Amino acid sequence: MDYLPLFLDIKGKRVIVDGGETVAARRAERALAAGALVELFDPEPGDEVRALFGHENLTHHARVPEAADFEGCFIAYGASEEPERDQLLAEAGRAAGALVNVADVRRYCDFITPSVVERDPITIAISTGGAAPVIARNLRARIEAMLPDGYGRLASFAARFRQKIAERISDGRGRRRFWEDMIEGRAGDAFLAGREADAVAQIEADLETAGPVTGEVWLVGAGPGDPDLLTFKALRLMQHADVVLYDRLVGPGILELSRRDARRINVGKRPGYHALKQDEITALMIRLAKEGNRVLRLKGGDPFIFGRGGEELEDVARAGIPVQVIPGITAAAGCGACAGIPLTHRDHAQSVVFVTAHGAGGVLAHDWTRLARPGQTVVVYMGLGSLGQIAAAALEQGVRPDLPVAVIDNGSRQNQRVISATLETIEKKARAADLKGPALIVMGDVVTMRDKLGYTGVAEEHVSLDIGAQSGL
Ligand code: SAH
């Protein structure tokens, strides 16, 4: 982040705008709306600026500004599009201690002006750090379309209860929760639907019954890695959690979507720390929930597919804590889609099985002829490290050597890589590609669809392999 976002209080402060055309008019308008005393300098201002004349806080000087004009100035806007005027404004403004902004001249900008969505008293300011203002404007249009007009009024309405809520609920976390339930619950709905009296009644009733905060546990699937593959529900709960417990499978960019001030606890491996054991994780969740926290356990993929969600659910429920499970897109579904490999297909596979390569006691001895039978796709989780062993066992048991096999590494993420080969060659190829995981193995004729379709759901890193040239493989 190159800039610090702030909302400045400029009521009664001196703001200088140098220029007479559209940009100057916009700057002056906004500063006046925020209560500033605006002094606009221009010998011959255009219609848009003239339209502002008569505003009690606007003074027009029919000349260009001089250094002495900047005394006591809080913000100096350059909008004349004349390099000499810009330079004078920037230098004199800065010398006087003002914050300077000259339109489209980056070296003369102490701050940038964001794109703004207004639902008074709500103000949303958007910036791309100056990189691509068009994107900011585009986003602004989308947010404008998304926010009901009533939101500003809802904010003012809710503010009327601030004092009462603060008096009735002393603990900060309880207050935040009350506000969330109020805005997103029945009271908010009633207000936005124009039933203000009902909204008031609801808030009064809720205040009457407000008790101490109670904890909960949410087991949430985060999908295979691409943040766009989160569910709406996962995202919503991530906004409400007090504590987020996550592990290394949760893709980058996802955790950032949780509430800013939620505590984040890494329960997976990281350098210098031990990963928490499963029973320690469960005990931690239970303790945090008993302290009144909304605990969100964020898991890669789906919590109930090789995610130990079942065990966590059992233990948490047994401790008497309310618990919800939110499904996620499991790696098989996510990786299949993003690698262009349909897991079932009328011509190739009428069934699909998900297996894990590892059990509690190490690599599992699967019956590969039964799993990789004709017409069935096999998806192997946690198999990258034992790919050689898996392929050898399958071959030994009599699975055909030319069975198509793919390894999908970091599926759905920006660094997705897909290696496709056959049962006989996959280990060599995958080893040559030096995959880092997480990776999924897909076996079956559906793998050939990838080349046939030439489709990939994400832009993949280019994989170039020349196995012959790699000695020792
Ligand atoms: N609950 C998860 C699976 C956890 S087991 C789910 O439903 O997806 C961990 C294994 O999932 C990894 O070893 C790997 O085989 C697979 N996996 C998870 N995310 C993946 C990804 N983005 N790309 C490839 N494989 C992935």
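None of the values given here were measured: they were computed from a predicted structure. (Residues numbered from 1 in each chain as written. Predicted model: local features only at pLDDT ≥ 70, side-chain atom pairs only at ≥ 80, totals over all residues. Heavy atoms only, no water.)

*Asks:* It is not clear to me how the environment of Ile441 should be interpreted in this structure. Could you clarify?
*Replies:* Tracing the backbone through its elements, the reader meets Ile441 in strand β19 (residues 439-443). We classify Ile441 as buried; its relative accessible area is 0%. Taking the C-alpha atoms as reference points, Ile441 and Ile426, separated by 15 residues in sequence, lie 9.7 Å from one another. Setting aside residues up to four positions removed in sequence, Ile441 forms contacts with Val378, Val379, Val380, Gly383, Leu384, Leu387, Ile390, Val405, Ala406 and Val407. (Helix = DSSP H or I, 4+ residues; strand = E, 2+ residues; numbered from the N terminus. Buried < 20%, exposed > 50% of the residue type's maximum accessible area, 1.4 Å probe, protein only. Contact = heavy atoms within 4.5 Å.)

*Asks:* Just to check I follow, could you spell out the domain arrangement of the chain for this structure?
*Replies:* How big an interface is tends to be stated in terms of the accessible area lost upon association of its parts. By the assigned domains, the chain splits into domain 1 (14-113), domain 2 (150-209), domain 3 (216-329) and domain 4 (332-471). Between the C-alpha centres of domain 2 and domain 3 there is a distance of 29 Å. Contact between domain 2 and domain 3 buries roughly 610 Å² in total, counting both sides, with carbon and sulfur atoms accounting for 22%. On the domain 2 side of the interface with domain 3, the three residues burying the most area are Arg173, Arg176 and Arg177, jointly 67% of the side's total. At the surface where domain 2 touches domain 3, the tally comes to three salt bridges. Note that Glu180 and Arg294 form a salt bridge whose closest N and O atoms lie 2.9 Å from each other. Across the contact surface, domain 2 and domain 3 share seven residue pairs in polar contact (both at pLDDT 80 or more). Classifying every residue of the side of domain 2 that touches domain 3 by side-chain character gives no nonpolar, no polar and six charged. (Domains from an automatic or database assignment. Buried area = accessible area lost by both parts, 1.4 Å probe. Salt bridge = Lys/Arg side-chain N within 4 Å of Asp/Glu carboxyl O. Polar contact = N/O pair within 3.5 Å; in protein donor to acceptor, adjacent residues only side chain to side chain. Nonpolar A, V, L, I, M, F, W, Y, C, P; charged D, E, K, R; others polar.)

*Asks:* How should I be thinking about the packing of aromatic side chains in this particular structure?
*Replies:* Enumeration over the complete set of coordinates arrives at five aromatic pairs. An angle of 75 degrees between the planes, with centres 5.9 Å apart, marks the rings of Tyr77 and Phe111 as edge-to-face. Here Tyr77, found in strand β4 (residues 73-78), pairs with Phe111, found in the loop between β5 (99-102) and β6 (115-119); they are 34 residues apart in sequence, far enough to count as distant. Given the relative accessible area of 17%, Phe111 is considered buried. Judged by centre distance (5.9 Å) and plane angle (55 degrees), the rings of Phe354 and Tyr381 are tilted. (Phe/Tyr/Trp six-rings, centres within 6.5 Å; stacked < 30°, edge-to-face > 60°.)

*Asks:* Got a minute to help me understand the side chain of Glu180 in this structure?
*Replies:* Tracing the sequence through the fold places Glu180 in helix α7 (residues 172-184). Exposure remark for Glu180: the relative accessible area of 11% places this residue in the buried category. A polar side-chain atom of Glu180 sits 2.8 Å from a polar atom in the side chain of Arg176.

*Asks:* What exactly am I supposed to notice about the pattern of salt bridges here?
*Replies:* Between side chains of opposite charge, pairing is possible as soon as their charged atoms come close. Counting across every chain of the model gives 32 salt bridges. The closest approach of N and O atoms between Arg160 and Glu196, which form a salt bridge, is 3.2 Å. Of the two residues, Arg160 sits in the loop between α5 (150-159) and α6 (162-168) while Glu196 sits in helix α9 (residues 196-209), which places them 36 residues apart along the sequence. The class for Arg160 is exposed, based on a relative accessible area of 53%. With relative accessibility at 36%, the residue Glu196 sits in the partly exposed group. A single network of salt bridges, built from pairs that share partners, joins Arg176, Arg177, Glu180, Asp242, Arg259, Asp261 and Arg294.

*Asks:* Where do I start with the site of the ligand in this structure?
*Replies:* In the vicinity of the ligand there are 20 residues, among which Pro224, Ile305, Thr330, Ala331 and Ala439 approach most closely. Ala331 is positioned such that a nitrogen or oxygen atom in its backbone is 2.8 Å from an oxygen atom of the ligand. In this structure, Gly411 approaches the ligand through a main-chain N or O atom, which is 2.8 Å from a nitrogen atom. Across the complex, the protein chains shield 93% of the 550 Å² of accessible surface that the ligand would expose by itself. Of all the secondary structure elements, the ones that give two or more residues to the shell around the ligand are α13 (331-339) and β19. Its residues assigned to classes, the shell around the ligand shows twelve nonpolar, six polar and two charged. Looking at which domains feed residues into the shell around the ligand, each of domain 3 (216-329) and domain 4 (332-471) gives three or more. (Near = heavy atom within 4 Å. Areas by Shrake-Rupley, 256 points an atom, 1.4 Å probe, with all protein chains shown as cover.)

*Asks:* How should I be thinking about the sheet that holds strand β1 (residues 14-18) in this particular structure?
*Replies:* The pairing of strands in a sheet happens through backbone hydrogen bonds and is either parallel or antiparallel. Sheet architecture is open: five strands sit in the order β3-β2-β1-β4-β5, paired in parallel fashion. Taken across any chain shown, the strands that pair with only one partner, and hence form the sheet edges, are β3 (58-61) and β5. Averaged over all neighbouring strand pairs, the angle between strand axes comes to 15 degrees, with direction disregarded. As defined by bridge partners, β1 adjoins β4 across five bridges and the pair is classed as parallel. Paired with Asp18 across the strands is Gly78, a residue of β4. (Pairing = 2+ DSSP bridges. Axes fitted to C-alpha atoms, helices over the stretch in contact; angles between N-to-C directions.)

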